[in-house]
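Residues per chain are reported as follows:
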Amino acid sequence: MLVLLAGIFVVHIATVIMLFVSTIANVWMVSSSNIGMASSGLWLLCNKTCEQLPVSSRDDASLKAVQAFMILSIIFSVIALVMFIVQLFTLEKGKRFYITGAIMLVCWMCILIGVSIYTARFTGRMSEFTNSHHGYCFILAWICFCFSFIIGILYLVLRKK
């Protein structure tokens, strides 16, 4: 049981780190053009230099929603990690980690909403570039989606022994 708790803890920390990286780095979409490679993320468009992400007025609200949900997912994931540590030392034997699991599933939902909005509104929208494909941050966000769901369910099922 101790090995399982340690494994879940390590995966949870890895998920938090990957969420930070995927939200901060600007490699959600990667494209090439005659002037070189370019990448765009949630904050900047980077070619040789980085500049503010040019977004049309109708996509501005969608981008802000993606940014907000990704930041919320980081916040909920960190809160769930702190709650797990607190419950690990204060929870009675035989009880389940319900609070931690519920918070982690809220994190999972925030990731789902944020990445889904990005997928629907911004995939392939780098109009002046060709050969656009998803970058590692987009893939990391979907990996975090899977990990946070698995961790959330495991926290709900797990009992403290």
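Here, the structure is the one placed above.
The present account deals with the structure reproduced in this document. (Residues numbered from 1 in each chain as written. Predicted model: local features only at pLDDT ≥ 70, side-chain atom pairs only at ≥ 80, totals over all residues. Heavy atoms only, no water.)

Our focus in this paragraph is the sheet that holds strand E1 (residues 29–33). Spatially, E4-E3-E2-E1-E5 is the arrangement adopted by the 5 strands of the open sheet, whose pairing is antiparallel. With partners counted over all chains shown, the strands left at the sheet margins are strand E4 (50–52) and strand E5 (130–134), one partner each. Within the sheet, the average angular offset between the axes of one strand and its neighbour, ignoring direction, is 20 degrees. Across 3 bridges, the pairing between E1 and E5 is antiparallel. Note that in E5 the partner of Ser32 across the bridge is Thr130. (Pairing = 2+ DSSP bridges. Helix = DSSP H or I, 4+ residues; strand = E, 2+ residues; numbered from the N terminus. Axes fitted to C-alpha atoms, helices over the stretch in contact; angles between N-to-C directions.)

Attention shifts here to the environment of Leu88. Among the secondary structure elements, Leu88 is positioned in helix H2 (residues 57–90). As a C-alpha pair, Leu88 and Ala68 span 20 residues in sequence and 30 Å in three-dimensional space.

Applying the stated criterion across every chain, the model contains 1 disulfide. Residue Cys46 pairs covalently with Cys50 via a disulfide, S to S 2.0 Å. One quick way to see it: the torsion about the S-S bond of Cys46 and Cys50 is about 110 degrees, and its sign makes the bridge right-handed. The exposure class assigned to Cys46 is buried, which follows from its relative accessible area of 13%. (Disulfide = S-S within 2.5 Å. Buried < 20%, exposed > 50% of the residue type's maximum accessible area, 1.4 Å probe, protein only.)

Together, Val11, Ile139, Ile143, Phe147, Phe149, Ile150, Ile153, Leu154 and Val157 make up a nonpolar patch on the protein surface, roughly 680 Å² of accessible area in all. The topology assignment puts Val11 in helix H1 (residues 2–24). For Val11, a relative accessible area of 31% puts it in the partly exposed group. (Patch = residues over 30% accessible without salt bridge, like charges linked within 9 Å, V, L, I, M, F, W, Y side chains within 5 Å. Areas by Shrake-Rupley, 256 points an atom, 1.4 Å probe, with all protein chains shown as cover. Salt bridge = Lys/Arg side-chain N within 4 Å of Asp/Glu carboxyl O.)

Turning our eyes to something else, we now look at the packing of aromatic side chains. Tallied over the entire structure, the rule returns 12 aromatic pairs. Ring centres 6.4 Å apart and planes at 75 degrees place the aromatic pair Phe138 and Trp142 in the edge-to-face group. A residue pair is termed a helical-turn pair when its members lie 3 or 4 positions apart in one helix, as Phe138 and Trp142 do in helix H4 (residues 136–157) at 4 residues. Residue classification places Trp142 among the partly exposed residues on the basis of a relative accessible area of 28%. Here the aromatic cluster, defined as three or more aromatic residues joined through ring pairs, consists of Trp28, Trp108, Tyr118, Phe122, Phe138, Trp142, Phe145 and Phe149. (Phe/Tyr/Trp six-rings, centres within 6.5 Å; stacked < 30°, edge-to-face > 60°.)

Our focus in this paragraph is the pattern of salt bridges. Using the criterion set out here, one finds 2 salt bridges in the structure. The shortest N-O distance in the salt bridge between Arg121 and Asp59 comes to 3.1 Å. A residue pair is termed long-range when its members are at least 10 positions apart, and Arg121 in helix H3 (residues 98–122) and Asp59 in helix H2 qualify at 62 residues. Classification of Asp59 by relative accessible area gives buried; the value is 5%.

The subject of this paragraph is H3. In a regular helix each residue adds 1.5 Å, so 25 residues correspond to 36 Å; H3 covers 36 Å between its end C-alpha atoms and thus fits that length. Tucked inside the fold, the buried residues of H3 contact H1, E1, strand E2 (36–40), H2 and H4. (Expected span 1.5 Å × (residues − 1). Contact = heavy atoms within 4.5 Å.)

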